[in-house]
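So the chains spell out like this:
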Amino acid sequence: MKKAKTSSLVFLFLLWLFILTAFSTISIEARKNHVKKSKMHKSNKRHDQNSPPNCANSPASAPAPLPQFGTNPTQSRVFNILSFGAKANGVSDDSKALLAAWKSACKVTGGVVEVPAGLKFLIKPVTLQGPCMPNLVLQIDGTLLAPPKIGAWPKSSLYQWINFKWLQNFTVQGAGTADGQGSNWWSSSQKKRAKCIPDMKPTALRFYEGYNVTVRDIRIINSPLCHLKFDNSKRVKVDNVTISAPESSPNTDGIHLQNSQDVEILHSDIGTGDDCVSIQTGCSNIHVHHINCGPGHGISLGGLGKDKTVACVSNIVVENVIMQNTLYGARIKTWQGGLGSVKNVTFSNIQVSDVKVPITIDQYYCDKNVCKNQTGAVAISGVTFNQITGTYAVQPIHLACSNSIPCTDVDLISIRLEPSPQYRGFQQALCWNSYGKSLGPLAPASMDYCVRSGSDFVKRIARSHDASCW
């Protein structure tokens, strides 16, 4: 009995020893884990203190945000002429500021020369020259003023005011104005002041050897001579421009084209003292449409062939035009003695109101009181006058073709013209040596006899004078 009791005591002692050892082991592991976690916590805390704010909420690879100043690509491409020293008071010469801004923008793809709104800038004659980087823009939102005094113009700069030279992929645009301030130049018609006026007068805006150029939305007013001129240019677009000068201002053509191809003129208002659009030698593939013309001399091809020169004009379309109070409507004018040809010309859907002579071909053009009679002429063929309607003030149609070289393939289609109520125009059409056909209703009825059926012999005569343009 005593031996059994001793065995029980030994078992309880061993059990107590086992439990004590196990508890000690667990306690030691717990303390180790606590120390390890404490160290990790301290390490993470130090790392957090050295890291940027919110770093834990951002992707590890996300770059820091770039500073906003100077990072806008558009901002670096805009060159405001005020930043280049322009005074913008309409009196001080701001030409150098414009040139400096131009030279900077010219070096940048998509560069913009900015003329800011609400300000006036006096600009003396200047050439804005290329070649430049593509897609250069002259943004005219303010007003550019030409020198008002003739004496302020250098004698070497009388050909144009602002000359755009050798430019490709270039645009002039904006809500602003280019003011030629030409009233003093127009006074040359007054004999008392003619001695102080130079024989040459400047064009307002001239493009020379431009390619893929656009002029849109701006106003061009009061030029001493032509308002907008394109020489030796290709792929030209003039859209939504306003051109104006007094009806009494001499030789102030709206848009003047010479030796230029692939030109579109559209959605514009033009009223001056001369032709709304003038198309000269070397022009082809010209499309003029949706134009309001007047006052002025209408839309003209020519004068061509002056001083026995060769003139070549082809593929011209003029359509959807409104003409009001103009001297002429659709007109072709050539000098006697000229060479070359005018062919493939269409005037279509033209509304006239109080136009003196709506339809004209004049191969006896003369800008003097008397011109010498000559036998040669620029050959005219393939001309269509289609849907010319409205009122005339003097004569409905005037076709005066050369005695030696008749006009051929001249078609009159659906023409309805009435004398204007406030004028007593001639009902009789004047037509001479013109061949072609008449289609549809023609009014007045005298136009029925305007064009005759031409023989092959007549056409051969005309074609023989066309060879100089081949």
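Residues numbered from 1 in each chain as written. Predicted model: local features only at pLDDT ≥ 70, side-chain atom pairs only at ≥ 80, totals over all residues. Heavy atoms only, no water.

## Comments concerning the overall build of the protein chain
Looking only at helices and strands, the protein chain has 5 helices and 30 strands in total. Within the protein chain, the fraction of its 470 residues that count as buried is 45%. Considering only residue pairs separated by 6 or more positions, the protein chain has 76% of its internal contacts joining residues 24 or more positions apart. For the protein chain, the computed accessible surface area is about 24,500 Å², with 54% contributed by carbon and sulfur atoms. (Helix = DSSP H or I, 4+ residues; strand = E, 2+ residues; numbered from the N terminus. Buried < 20%, exposed > 50% of the residue type's maximum accessible area, 1.4 Å probe, protein only. Contact = heavy atoms within 4.5 Å. Areas by Shrake-Rupley, 256 points an atom, 1.4 Å probe, with all protein chains shown as cover.)

## Considerations on the pairing of strand β22 (residues 310-324)
Consecutive side chains along a regular strand alternate between the two faces of the sheet. Sheet topology places strand β20 (residues 283-293) next to β22; 9 bridges connect them, and they run parallel. Residue pairing in the sheet places His287 in a bridge with Val317 of β22. (Pairing = 2+ DSSP bridges.)

## Concerning the packing of aromatic side chains
Note on aromatic pairs: each is described by the distance of the centres and the angle between the planes. Counted under the stated rule, the structure contains 9 aromatic pairs. Here Phe79 and Phe84 contribute two aromatic rings whose centre-to-centre distance is 6.5 Å and whose plane-to-plane angle is 45 degrees, an arrangement assigned as tilted. On the basis of relative accessibility, which here comes to 30%, the residue Phe84 falls in the partly exposed class. Measuring from centroid to centroid gives 5.5 Å for Trp102 and Phe170, while their planes differ by 80 degrees, and the two rings are edge-to-face. One end of the pair, Trp102, is in helix α3 (residues 95-106); the other, Phe170, is in strand β9 (residues 168-173), and 68 residues separate them in sequence. Like Phe170, Trp102 is buried. One aromatic cluster is present, built from ring pairs that chain together Trp102, Phe164, Phe170, Phe207 and Phe230. Lying across the ring of Trp166, Lys165 places its NZ or CZ 4.4 Å from the centre. (Phe/Tyr/Trp six-rings, centres within 6.5 Å; stacked < 30°, edge-to-face > 60°. Lys NZ or Arg CZ within 6 Å of the ring centre and 35° of its normal.)

## With respect to the state of the cysteines
Considering all chains together, one arrives at 6 disulfides under this definition. Two residues share a disulfide in this structure: Cys106 and Cys132, whose sulfurs sit 2.0 Å from each other. When the S-S torsion is -100 degrees, as for the bridge of Cys106 with Cys132, the disulfide is left-handed. Taken as a pair, Cys106 in helix α3 and Cys132 in the loop between β5 (126-129) and β6 (136-140) lie far apart in primary sequence, 26 residues in all. Two residues share a disulfide in this structure: Cys366 and Cys371, whose sulfurs sit 1.8 Å from each other. Looking down the S-S bond of the Cys366 and Cys371 bridge, the torsion is 80 degrees, so its handedness is right-handed. In the protein chain, the bonded cysteines, numbered by position in the sequence, are linked as 1-2, 3-4, 5-12, 6-7, 8-9, 10-11. (Disulfide = S-S within 2.5 Å.)

## Regarding the pattern of salt bridges
Between side chains of opposite charge, a pair can form as their charged atoms come close. For the structure on display, the rule yields 5 salt bridges. For Arg206, the salt bridge is made with Asp231, and the minimal N-O distance between the two is 2.9 Å. Placement of Arg206 in strand β11 (residues 203-208) and of Asp231 in strand β14 (residues 228-231) is noted, with a sequence separation of 25 residues between them. Note that Asp231 is salt-bridged to Lys229, the shortest N-O span being 4.0 Å. The pair Asp231 / Lys229 is uniform in exposure class, with both members buried. The network of salt bridges with common partners includes Arg206, Lys229 and Asp231. (Salt bridge = Lys/Arg side-chain N within 4 Å of Asp/Glu carboxyl O.)

## Examining the sheet that holds strand β25 (residues 357-365)
Spatially, the 11 strands line up as an open sheet ordered β5-β8-β11-β14-β17-β19-β21-β23-β25-β27-β29, and their pairing is parallel. The sheet terminates laterally at β5 and β29 (430-432), the two strands that pair on one side only. For this sheet, the mean inter-axis angle between neighbouring strands, taken without regard to orientation, is 15 degrees. Bridge count for strand β27 (residues 397-400) against β29 is 3 bridges, and the pairing is parallel. (Axes fitted to C-alpha atoms, helices over the stretch in contact; angles between N-to-C directions.)

## Structural notes on the confidence of the model for the protein chain
The predicted structure's coordinates, where accompanied by low pLDDT, should not be read in detail. When pLDDT is averaged across the protein chain, the result is 85; 79% of the residues are at 70 or more. Scored below 50 in pLDDT, residues 1-6 shows 0 contacts in the model against residues more than four places distant or in partner chains. Low pLDDT, under 50, characterises residues 22-74; the predicted model gives this stretch 1 contact beyond four residues in sequence or across chains. (pLDDT = per-residue confidence, 0-100.)

## As for α3
Taking 1.5 Å per residue as the helical rise, α3 with its 12 residues ought to reach 16 Å, and the 16 Å between its terminal C-alpha atoms agrees with that figure. By the burial criterion, the buried members of α3 are Ser95, Ala97, Leu98, Ala101, Trp102, Ala105 and Cys106. Looking down the long axis of α3, one finds its buried residues gathered within 160 degrees of arc, a one-sided arrangement. Summarising the geometry of α3, the exposed residues directed more than 90 degrees from the buried face are Lys96 and Lys103. (Expected span 1.5 Å × (residues − 1). Arc of directions from axis to C-beta.)

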